[in-house]
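Descriptive analysis of the structure
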Amino acid sequence: MPHADWAAFSFEGIGTGWEVSTPHVLGPSAQQDLLALVENFDAAWSRFRADSLVSAMAREPGSYSFPAEAAGLGELYRSLYGLTGGAMTPLVGASLERLGYDASYTLRPSGDPLPAPRWEDVLDWNGTSISTSAPVVLDIGAAGKGLLVDVLASALQVHGMEAFMVDASGDLLARGPGTVPVGLEHPYNPAQAIGVVELGGRALCASAANRRAWGDGLHHVLDATTGQPVRTTVATWALADTAAVADALATALFFVPGTVLEESFDVSWLTVFSDGSAAYSAEFEGTLFT
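In this report, we go over the structure that sits alongside the text. In this text the structure is predicted, and so the values were computed from the model without any measurement.

**Observations concerning the overall build of the protein**
- In terms of regular secondary structure, the protein is built from 8 helices and 18 strands.
- Relative to its length of 290 residues, the protein is compact, with a C-alpha radius of gyration of 18 Å against a globular reference of 19 Å.
- Expressed along its principal axes, the backbone C-alpha trace of the protein runs to roughly 50 × 45 × 35 Å.
- Across the 290 residues that make up the protein, the buried fraction comes to 50%.
- Excluding contacts between residues fewer than 6 apart, the proportion of contacts in the protein whose partners are at least 24 apart in sequence is 62%.
- Within the structure as shown, the protein displays about 12,700 Å² of accessible surface, and the carbon and sulfur contribution to it stands at 52%.

**A short note on the sheet that holds strand S18 (residues 286–288)**
- Across the sheet, 3 strands lie side by side as S8-S9-S18; this open sheet has antiparallel pairing. Here the strands that pair on one side only, and so sit at the sheet edges, are strand S8 (180–186) and S18. Mean inter-strand twist for the sheet, computed between neighbouring axes without regard to direction, equals 35°.
- Relative to S18, strand S9 (residues 189–199) runs antiparallel, the two being bridged by 3 bridges. Among the inter-strand pairings, Val197 is bridged to a residue of S18, identified as Gly286.

**Re helix H6 (residues 144–158)**
- Here H6 contains 15 residues, and its C-alpha end-to-end distance of 21 Å stays within 8% of the 21 Å for a straight helix at 1.5 Å per residue.
- Every buried residue belonging to H6 is among Gly144, Lys145, Gly146, Leu147, Leu148, Val149, Asp150, Val151, Leu152, Ala153, Ala155 and Leu156, and all of these are buried.
- Of the residues flanking the end of H6, it is Gly160, one or two places downstream, whose phi is positive at about 90°.

**A closer look at the packing of H6 against helix H7 (residues 243–252)**
- Orientation of H6 relative to H7, taken along the N-to-C sense of each, is 170°, at an axis distance of 7 Å. In terms of orientation, H6 lies roughly antiparallel with respect to H7. Contact residues: H6 offers Gly144, Lys145, Gly146, Leu147, Val149 and Asp150, while H7 offers Ala243, Ala244 and Asp247.
- Taken together, the residues of the contact of H6 with H7 break down into 4 nonpolar, 2 polar and 3 charged.

What counts and what doesn't
- Residues numbered from 1 in each chain as written.
- Predicted model: local features only at pLDDT ≥ 70, side-chain atom pairs only at ≥ 80, totals over all residues.
- Heavy atoms only, no water.
- Helix = DSSP H or I, 4+ residues; strand = E, 2+ residues; numbered from the N terminus.
- Rg over C-alpha atoms; globule rule 2.2 N^0.38 Å.
- Buried < 20%, exposed > 50% of the residue type's maximum accessible area, 1.4 Å probe, protein only.
- Contact = heavy atoms within 4.5 Å.
- Areas by Shrake-Rupley, 256 points an atom, 1.4 Å probe, with all protein chains shown as cover.
- Pairing = 2+ DSSP bridges.
- Axes fitted to C-alpha atoms, helices over the stretch in contact; angles between N-to-C directions.
- Expected span 1.5 Å × (residues − 1).
- Parallel < 35°, antiparallel > 145°, perpendicular 65-115°, else oblique.
- Nonpolar A, V, L, I, M, F, W, Y, C, P; charged D, E, K, R; others polar.

Below you can see the structure in the form of structure tokens.
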């Protein structure tokens, strides 16, 4: 799974490439439903389009009503905000913009690193309602792609698909019998793999400092307490039952040891550090090449 004779539906969404593999060709209505879900997700959560809810929140504080997936996302972020001592937060958007990762992709810092505002000072996230006391730039990039993977997976099940794989440029969710080998990309050489995971029935997500990197040592994984990119970790992988959790925990591994995350989440994980060493959970499903 997926088999060579499976059908693939490919498209672009939220700034990246997607491929949905299924045993049978998805009908036009199913395809249109998936594309509509991607557009609705982008219209709510993107900080790169002026007409999104997130952009409205950046212009003016107040109370905003988000789609249904916001409830679980808020709980996930609130938990990881606490576990990482505030280093991981959806309020990191302005910090990313300061370093040049903004809606115009200037990729040039406009000033010194900017710590994110504290959650407890500006944000009240209650279910699908998000209220702010000051303009904030919400950025859910640490979990958003995985969350959309789960949204599309739920839609596929509604359309009667019991076996499928959703591939969001390497963030994967597999459902159905069997497994598929997935290479773990070398953090310094995308043409090489440092290991392989036999993925079946779970989600596998990765985060790496070489992805969305620009300038001298600048990349998208920031410690929100300082506004600066993390230097000690270069790549992480997390396996969980949902892609949202796997995606979020892959980012959280940049800030805390995987053993800390295991106390609150059903996760297996791998972290590669900048000194070339690695750590991984006892039940990690992968095999590392030595």
